[in-house]
Amino acid sequence: TQLLEQSPQFLSIQEGENLTVYCNSSSVFSSLQWYRQEPGEGPVLLVTVVTGGEVKKLKRLTFQFGDARKDSSLHITAAQPGDTGLYLCAGVEGNKLVFGAGTILRVKS
Amino acid sequence: EAGVVQSPRYKIIEKKQPVAFWCNPISGHNTLYWYLQNLGQGPELLIRYENEEAVDDSQLPKDRFSAERLKGVDSTLKIQPAELGDSAVYLCASSLSGYTGELFFGEGSRLTVL
């Protein structure tokens with residue numbers, strides 16, 4: 001069974017600070033997805049990374065896929081209250097999609 | 001374009017009672033998923049359909065859970081009888097075809113078993 005470990009589990013920061021959350025596994029994934037989920041809503045896809053070492057930017061969010069395709073990170077620059085939510089990574093391997101437990105981010109104004 | 005629609009949004013029942021959740025996926029999406037999500041945790045797959053065929057139900061507790069996707073469109077997830085530990089959010093998602101693309105999730109059905 002593939003496991004995705006996310007860290008930290010919970011992060012509370014002030015508006016304007018930078019942060020990085022991590023997604024690690026001992027398994028190799030063909031691709032990795034990052035989702036954000038707000039309270040009372042379903043997860044919404046932010047990005048998919050496919051190539052080892054790939055870096056994708058989405059406004060203030062920077063996603064990186066590890067060279068060995070076993071880990072990924074999400075860096076947020078100048079966090080805003082609207083970034084608050086549960087950030088989930090999900091690894092694709094064959095016909096399986098495995099979600100991590102998520103990082104709960106709270107950005108205070 | 002309408003998203004994935006789920007109902008009911010909330011359901012409170014007593015243990016041993018039955019409950020059913022309904023999902024209408026995005027039009028044209030062949031793959032439909034039912035996930036279970038506990039508070040502060042990631043979604044866990046219960047069952048995946050390709051059209052009307054259940055292609056992965058290995059994590060579905062078949063003694064009390066059942067699902068169907070008639071005509072390869074809408075789907076229903078049933079629990080009978082419900083147990084206290086079934087309290088969770090049940091998420092439905094759909095995608096064009098498998099995991100290669102984006103999964104679109106509904107808002108979920110929150111179940112509380114008393």
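Below you will find a few notes about this structure. (Residues numbered from 1 in each chain as written. Chains lettered and ligands numbered in written order. Predicted model: local features only at pLDDT ≥ 70, side-chain atom pairs only at ≥ 80, totals over all residues. Heavy atoms only, no water.)

1. Some thoughts on the side chain of A:Q6
Residue and element names in this part refer to chain A.
- Mapping Q6 onto the fold places it in strand β1 (residues 5-7).
- Given the relative accessible area of 10%, Q6 is considered buried.
- A polar atom in the side chain of Q6 sits 3.0 Å from the backbone oxygen of Y87.
- Side-chain polar atoms of Q6 contact the backbone nitrogen of C89, separated by 3.1 Å.
- Residues within four places of Q6 in sequence aside, it is in contact with Y22, C23, W34, Y87, L88, C89, G100, A101, G102 and T103. (Helix = DSSP H or I, 4+ residues; strand = E, 2+ residues; numbered from the N terminus. Buried < 20%, exposed > 50% of the residue type's maximum accessible area, 1.4 Å probe, protein only. Polar contact = N/O pair within 3.5 Å; in protein donor to acceptor, adjacent residues only side chain to side chain. Contact = heavy atoms within 4.5 Å.)

2. Some words on the packing of aromatic side chains
- Taken as a whole and judged by the stated rule, the model has nine aromatic pairs over all chains.
- For the pair B:Y35 and B:F105, a centre-to-centre distance of 5.7 Å together with 45° between the ring planes defines the contact as tilted. Here B:F105 lies in strand β10 (residues 104-105) and B:Y35 lies in strand β4 (residues 31-37), a separation of 70 residues in the sequence. With respect to class, B:Y35 is no different from B:F105; both count as buried.
- A centroid spacing of 6.4 Å and a plane angle of 40° characterise the contact between B:F65 and B:Y90, whose relative ring orientation is tilted. With a gap of 25 residues between them, B:F65 in strand β7 (residues 65-68) and B:Y90 in strand β9 (residues 88-95) connect regions that are remote in the sequence.
- Exposure remark for B:F65: the relative accessible area of 5% places this residue in the buried category.
- Among the aromatic side chains, those forming a connected cluster through ring pairs are A:Y35, A:F99, B:Y33, B:Y35 and B:F105. (Phe/Tyr/Trp six-rings, centres within 6.5 Å; stacked < 30°, edge-to-face > 60°.)

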